[in-house]
Amino acid sequence: MTYAITQTCCSDATCVAVCPVNCIHPTPEEREFGSTEMLHIDPATCIDCGACADACPVDAIFPVDSLSAAHAGYAAVNAAYFADREPPARSPGPNFHSWGAPAFERSLPSDFAPIRVAVVGTGPAGMYAAEDLLLHTNAEVTLVDRLPVAGGLVRYGVAPDHPATKKVGDTFARFHTHPRVRMRLGVEIGRDVTAEELAAHHDAVVYAVGASTDRRLGVPGEELAGCVSATAFVSWYNSHPECAPDAIDVTGAERVVVVGNGNVALDVARILVMDPESLAGTDIADHALTALRASRVREVVLLGRRGPEDAAYTASELLALTHLPGVRLVVDDHDPRTGAAIDGAGPGEKAALLRDVAREAVDWTRPPASSSEGERRIVLRFHSAPVALAGEGAVRAARVTEGPGEREIPAGLVVRAVGYRGVPVPGLPFDEATGTVPHERGRVTGMPGTYVVGWIKRGPSGGIGANRTCAAETVGTLLADAVAGALPTPSRTPQAFRRLVRRRAAEVVDARGLAAIDRAERGRGHETGRPRVKLATVAELVAAARTSRLRRPV
């Protein structure tokens with residue numbers, strides 16, 4: 001028996017570090033690491049020890065003989081990765097692992113005074129950076145976030161039907177109460193505290209603020225009601241406090257067009273057509289669940305500008321669509337290039353995964369509900385891009401390319417999912433073309449002691465695990481600067497920073513307050529058989545955090 005890595009792989013390589021026989025690839029030392037969609041276990045080398053499954057932060061690794069029907073295909077996916085590859089060299093030792101010499105690339109000398117580092121943003125990028133600093137140095141870390149709750153992308157970006165992926169948040173949460181960590185949540189840089197003031201209280205500042213807005217389509221009609229961003233849609237079903245409960249209306253549309261075919265686009269499509277009762281046991285927003293129960297959506301069309309061989313989604317997320325109960329996956333056969341790419345795809349190529357998916361010449365003049373009684377479906381339409389959105393006051397249809405011409409696809413809702421984009425941070429340089437902060441290996445250009453990590457550093461690419469390698473590079477640069485004496489000396493004390501944020505910010509949440517929020521949400525979830533029910537407004541979050549003050553001993 002062997003183990004297999006499945007859909008929720010985060011690629012942060014925790015499993016690689018614990019494998020005694022070097023059977024998980026690509027490793028961080030290999031060229032392909034970071035460019036593959038997931039990691040893979042070699043069935044010819046695996047010794048069934050289970051160390052990888054124990055270490056996996058997102059529950060993505062299972063014995064092959066216990067894989068569910070939805071995950072059964074991952075045994076072949078893992079094996080296929082190694083089919084034409086040379087087996088890794090084995091050492092003569094008892095565990096067949098070629099261990100390298102111990103290396104401590106990101107560390108400070110033992111007699112080095114503790115440095116104070118502020119990390120702005122508590123999503124995966126920020127928390128990987130904080131974890132690196134806390135595990136490899138004696139640094140003191142201040143975690144800053146503009147929202148009064150931690151989590152970032154894990155809390156507000158991961159779809160509610162992916163609870164295993166959310167478990168990486170538990171890994172990060174153990175650092176919230178670390179003795180060398182101070183949390184200052186509900187503090188926004190540029191509103192409550194300036195970048196200069198933050199730097200004056202710390203030896204270094206790491207910005208992990210992500211990419212919080214979306215890219216535009218740039219077509220006529222995009223301003224119409226009923227055209228929304230995937231950013232807003234994801235925030236809506238994840239109870240983001242800056243997204244109103246009525247921000248998305250799914251009650252009036254039978255067909256939805258989603259522009260884009262990345263993983264976020266697939267998340268949107270899946271949430272729209274899956275049985276709402278299957279979401280009732282998740283942490284989905286109450287208002288979103290109520291709306292989805294009343295939804296009239298029967299069909300979601302995913303528009304991809306290029307062909308299936310170049311689709312932006314990962315193979316694992318596409319495979320998940322093929323196992324949705326009550327949902328049929330269809331490939332629109334309007335362009336002969338689509339079928340040719342699927343039929344000509346080799347083993348392991350992304351287009352080959354669509355070989356068993358039905359192909360139809362879709363009749364867009366028919367209402368989607370009439371295609372089959374009670375049926376919901378997702379239509380993958382490749383080689384098609386939006387030209388304009390039609391309607392008077394609200395979206396009525398999307399005009400899209402079809403061969404040398406165009407055609408209209410009637411739709412009551414259009415979701416643009418063509419990528420995220422970073423926004424400027426007050427006080428930091430910004431590259432408008434890339435939506436990132438200019439840097440050199442994480443060091444912000446022209447600002448000693450200031451660093452970036454995550455999407456604001458490299459652009460909106462890579463999943464949760466990609467931030468671990470990204471953070472390692474940035475932290476390495478920061479520590480090298482510290483040893484070289486290149487970090488500015490802070491002029492103010494940690495106590496002064498605490499007083500400053502308490503004076504400037506309306507409500508500051510610390511680790512004790514965050515724990516109170518967690519208890520409140522889990523308690524609400526326990527009453528309804530759910531993992532948690534998120535508090536959906538800033539006022540609710542702050543009120544829950546205040547209960548921690550009542551519990552403090554006198």
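Quick caveat: nothing in here was measured; it's all calculated off a predicted structure. (Residues numbered from 1 in each chain as written. Predicted model: local features only at pLDDT ≥ 70, side-chain atom pairs only at ≥ 80, totals over all residues. Heavy atoms only, no water.)

1. Let's talk about unusual backbone geometry
Here comes step 1: At the junction of His25 and Pro26, the peptide bond is cis and its omega measures out at -5° in the coordinates.
Here comes step 2: Position of Pro26 among the secondary structure elements: in the loop between strand 2 (24–25) and strand 3 (40–41).
Here comes step 3: Backbone geometry at Ser11 places phi at a positive 60°, although glycine is not the residue there.
Here comes step 4: Structurally, Ser11 can be placed in the loop between strand 1 (3–5) and helix 1 (14–18).
Here comes step 5: Unlike most non-glycine residues, His383 shows phi in positive territory, near 50°.
Here comes step 6: Relative to the assigned elements, His383 resides in the loop between strand 15 (376–381) and strand 16 (386–390). (Helix = DSSP H or I, 4+ residues; strand = E, 2+ residues; numbered from the N terminus.)

2. Things to note about the packing of aromatic side chains
Here comes step 1: Evaluated as defined, the whole model comprises five aromatic pairs.
Here comes step 2: When the ring of Phe233 is compared with that of Trp236, the centres are 5.5 Å apart and the planes differ by 50°; the resulting orientation is tilted. With Phe233 and Trp236 both in helix 9 (residues 230–237) and three residues apart, this pair spans about one turn of that helix.
Here comes step 3: Taking relative accessible area as the criterion, Trp236 reaches 0% and is therefore assigned buried.
Here comes step 4: For the ring pair Tyr420 and Trp455, a centre distance of 5.5 Å and an interplane angle of 40° mean the geometry is tilted. Residue Tyr420 is found in strand 20 (residues 420–421), and its partner Trp455 is found in helix 14 (residues 455–458); the two are separated by 35 residues along the sequence. (Phe/Tyr/Trp six-rings, centres within 6.5 Å; stacked < 30°, edge-to-face > 60°. Buried < 20%, exposed > 50% of the residue type's maximum accessible area, 1.4 Å probe, protein only.)

3. Regarding the sheet that holds strand 17 (residues 397–402)
Here comes step 1: Overall, antiparallel pairing links the three strands, which are arranged 16-17-18 in an open sheet. Looking along the sheet, the strands with just one partner apiece sit at the ends: strand 16 and strand 18 (405–410). Taken pair by pair, the neighbouring strands of this sheet meet at an average axis angle of 25°, ignoring direction.
Here comes step 2: Bridge count between strand 16 and strand 17: four bridges; the pairing is antiparallel. (Pairing = 2+ DSSP bridges. Axes fitted to C-alpha atoms, helices over the stretch in contact; angles between N-to-C directions.)

4. What to know about the environment of Val331
Here comes step 1: Relative to the elements of secondary structure, Val331 occurs in strand 13 (residues 327–332).
Here comes step 2: When the C-alpha positions of Val331 and Val501 are compared, they lie 54 Å apart, and in sequence the two are 170 residues distant.
Here comes step 3: With near-sequence residues (within four places) excluded, Val331 lies in contact with Thr338, Ile342, Leu354, Val357, Ala358, Arg359, Glu360 and Leu380. (Contact = heavy atoms within 4.5 Å.)

5. A few points about the pattern of salt bridges
Here comes step 1: Tallied over the entire structure, the rule returns 42 salt bridges.
Here comes step 2: In this structure, Arg191 engages Asp192 in a salt bridge whose closest nitrogen and oxygen atoms are separated by 2.7 Å.
Here comes step 3: Judged by relative accessible area, Asp192 falls into the buried class, the value being 8%.
Here comes step 4: Note that Lys534 and Asp283 form a salt bridge whose closest N and O atoms lie 3.8 Å from each other. Taken together, the residues Lys534 in the loop between helix 17 (511–528) and helix 18 (538–550) and Asp283 in the loop between helix 10 (263–273) and helix 11 (286–293) connect sequence positions 251 residues apart. Grouping residues by exposure puts Lys534 and Asp283 together as buried.
Here comes step 5: Overlapping salt bridges, with partners in common, bring together Arg255, Glu299, Arg328, Glu360, Glu375 and Arg377 in one network. (Salt bridge = Lys/Arg side-chain N within 4 Å of Asp/Glu carboxyl O.)

6. Details of the packing of helix 4 (residues 124–136) against helix 15 (residues 466–483)
Here comes step 1: Helix 15 packs onto helix 4 with a crossing angle of 50° between their chain directions and a minimal axis gap of 8 Å. Taken together, helix 4 and helix 15 sit at an angle that is classed as oblique. In the crossing of helix 4 with helix 15, the sense of the turn from one axis to the other is right-handed. Only Asn467, Arg468, Ala471, Ala472, Val475 and Leu479 of helix 15 make contact with helix 4, whose side of the interface consists of Pro124, Ala125, Tyr128, Ala129, Asp132 and Leu133. (Parallel < 35°, antiparallel > 145°, perpendicular 65-115°, else oblique. Left-handed = near helix turned anticlockwise from the far one by under 90°.)

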